[in-house]
Number of protein chains: 2
Amino acid sequence: MKHSLVAVEPNGHICSDCSVRKFSVCASLDANEVRDFEHLGRHVAFAPCETIFSEEELTSSFYNVLDGVMRLYKLLPDGRRQIVGFALPGDFLGMNISGRHNFSADAIGPVIVCQFPKAAFARFIEEKPHLLRRINELAIRELSQARDHMVLLGRRSAEEKVATFLLCWRERLILLYGPSNTVPLPMSRQDIADFLGLTIETVSRTFTKLERDRIIEIIPGGISFLDLARAEALAAA
Amino acid sequence: MKHSLVAVEPNGHICSDCSVRKFSVCASLDANEVRDFEHLGRHVAFAPCETIFSEEELTSSFYNVLDGVMRLYKLLPDGRRQIVGFALPGDFLGMNISGRHNFSADAIGPVIVCQFPKAAFARFIEEKPHLLRRINELAIRELSQARDHMVLLGRRSAEEKVATFLLCWRERLILLYGPSNTVPLPMSRQDIADFLGLTIETVSRTFTKLERDRIIEIIPGGISFLDLARAEALAAA
DNA sequence: GATGGCAGTTGACTCAGATCAAACGGGGCG
DNA sequence: CGCCCCGTTTGATCTGAGTCAACTGCCATC
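Residues numbered from 1 in each chain as written. Chains lettered and ligands numbered in written order. Predicted model: local features only at pLDDT ≥ 70, side-chain atom pairs only at ≥ 80, totals over all residues. Heavy atoms only, no water.

### Description of the pattern of salt bridges
Under the counting rule described, the total for this entry stands at 32 salt bridges over all chains. Where A:Glu55 meets A:Lys74, a salt bridge forms, and the shortest distance between an N and an O atom there is 3.4 Å. Residue A:Glu55 is found in the loop between β2 (51–53) and β3 (61–67), and its partner A:Lys74 is found in strand β4 (residues 70–75); the two are separated by 19 residues along the sequence. Of the charged contacts, one joins B:Asp194 and A:Arg155 as a salt bridge, the two residues approaching to 2.7 Å between their closest N and O atoms. Here B:Asp194, found in helix α5 (residues 189–196), pairs with A:Arg155, found in helix α3 (residues 129–155), and the two come from separate chains. Judged by relative accessible area, which is 7%, B:Asp194 ranks as buried. Taken together, the shared-partner salt bridges in this structure form one network comprising A:Arg71, A:Arg81, A:Asp106, A:Asp191, A:Asp194 and B:Arg155. (Salt bridge = Lys/Arg side-chain N within 4 Å of Asp/Glu carboxyl O. Helix = DSSP H or I, 4+ residues; strand = E, 2+ residues; numbered from the N terminus. Buried < 20%, exposed > 50% of the residue type's maximum accessible area, 1.4 Å probe, protein only.)

### Focus: the protein's contact with DNA strand D
Looking at DNA strand D, there are 14 residues lining it, with A:Arg189, A:Ser204, A:Thr208, B:Thr202 and B:Arg205 nearest. Within 4 Å of the protein, the contacting atoms of DNA strand D are 62% sugar and phosphate, with bases supplying the remainder. At 2.8 Å, a side-chain N or O of A:Arg189 approaches a phosphate oxygen of DNA strand D. Within the backbone of B:Ala158, one N or O atom sits 2.8 Å away from a phosphate oxygen of DNA strand D. Those elements that provide at least two residues to the surface near DNA strand D are α6 (200–212) of chain A together with α6 (200–212) of chain B. It is α6(A) that contributes the most residues to the surface near DNA strand D, four residues altogether. Taken together, the residues that form the surface near DNA strand D break down as two nonpolar, seven polar and five charged. (Near = heavy atom within 4 Å. Polar contact = N/O pair within 3.5 Å; in protein donor to acceptor, adjacent residues only side chain to side chain. Nonpolar A, V, L, I, M, F, W, Y, C, P; charged D, E, K, R; others polar.)

### Examining unusual backbone geometry
Residue and element names in this part refer to chain B. Of note in the backbone geometry, Cys-49 takes a positive phi value of approximately 75° without being a glycine. Turning to its location among the elements, Cys-49 is positioned in the loop between β1 (42–46) and β2 (51–53). Phi at Arg-214 is positive, roughly 60°, even though this residue is not glycine. Looking at the secondary structure, you find Arg-214 in the loop between α6 and β10 (216–219).

### A closer look at the relation of the copies chain B and chain A
Rotating chain B by 180° about the axis while translating it 0.0 Å along that axis superimposes it on chain A, leaving an RMSD of 0.0 Å. As the rotation angle and translation indicate, the two copies are arranged about a two-fold axis. Looking at chain B, 100% of its interface residues are interface residues in chain A too, so the copies touch through the same face. (Least-squares fit on C-alpha atoms with pLDDT ≥ 70 in both. Contact = heavy atoms within 4.5 Å.)

Okay, structure coming up:
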């Protein structure tokens, strides 16, 4: 846990140039609104493994991921961990009704976020129903993903879980960075295990099995798909 | 699967008298808006085991549960089922972004819903940001519950799952009907199993074990808590 | 008050994935 | 270069929950 590198660009950023704008909440804002919006958020960088916010902590800000990957997780009192998602550029974090975060978030690699003070953001949204609609849309999309993940956790085998994870992760990266059969995996095996409800050993063995079956190739920092069709068959089944 | 009993009250209902109003989306509407809202929805009754809507079906309506219990579930192609939630009076169903339902819903016992044609509802919401805010609030609450359920599915033992389920179900019923240590369970053992990512046999055995340990008592159509503190200890651990 | 059916329970056995333990391997550093 | 560290892989064994099968008990129907 290194210390944070605060405020990389002390309000010198320009939202209209922002690379994740079209994926993000801000997609719903027009040119004038974006200008106002700019004064609201500021860019903050986090070092690998740094915590952006913790479960049960009072929510003081919302976050828009600009660059990097985060793991979002919940801990049981005895230390068991369930990763409830990975956040990528464009993801919007921090909404809740209790006033406290309901999961923790930390940076996997270096991360840059656009941070909005909660109160100012709430005020800004007040008169912008289209922004609210956009946030609602994102929440509903996440809800749908959460339900899909419940099916995976409750009813799928280890091999199905891993295949599904790799394919879904690939899809997300394609949306952001364009098509490729090579899939970087910035998170550790332990992270993948805690996301899929498995142990690290099972994840590792399953990777090896998929490679032995010539479905994937394990490369440093990721995998490469050799046979997408068979991977999809495993995931669908 | 019996045939449906349509439109119990062909628009003779009065929203201002509605028993679930304070729990529901409609809580955000003022007296005038409720009057307009009345013309939008109509009450529809469903017989036990009837399907309200199916996954992948085009969304033509939204639903507000007025009475009864529904199971919300997703099926894998080979028939494995994951119940993603149970809907109780006050729950609002049908929101999605794809235009298709992303899970199926059927009645467990007799169910009455308030059904809103999608288009009319969308038009109504257009100029009512507070209603949108209320819907967003409900979505965020559900998202939080979904994440809690992921932890349960991915990281908890059978006994912890069952104890947690019974306690959570009790909490929901208390909110609606007031405190009681007796907890009706209208859903079948199979439903509970498919909700918790277990088999029916494991659910049954775990119930028996909890009863043998004098934590619960199994009664027809439900259970009764004998030792809430120990149940909570099991669920928390 | 027999009969059939279905939800739930119980028992015996199996197995997928967990646990425990050891080995591997690549990158950083003295 | 050699050593260590740590994330990962592999192997051996164990076990919690799944599977398969039989049984119970409660209605519903005749």
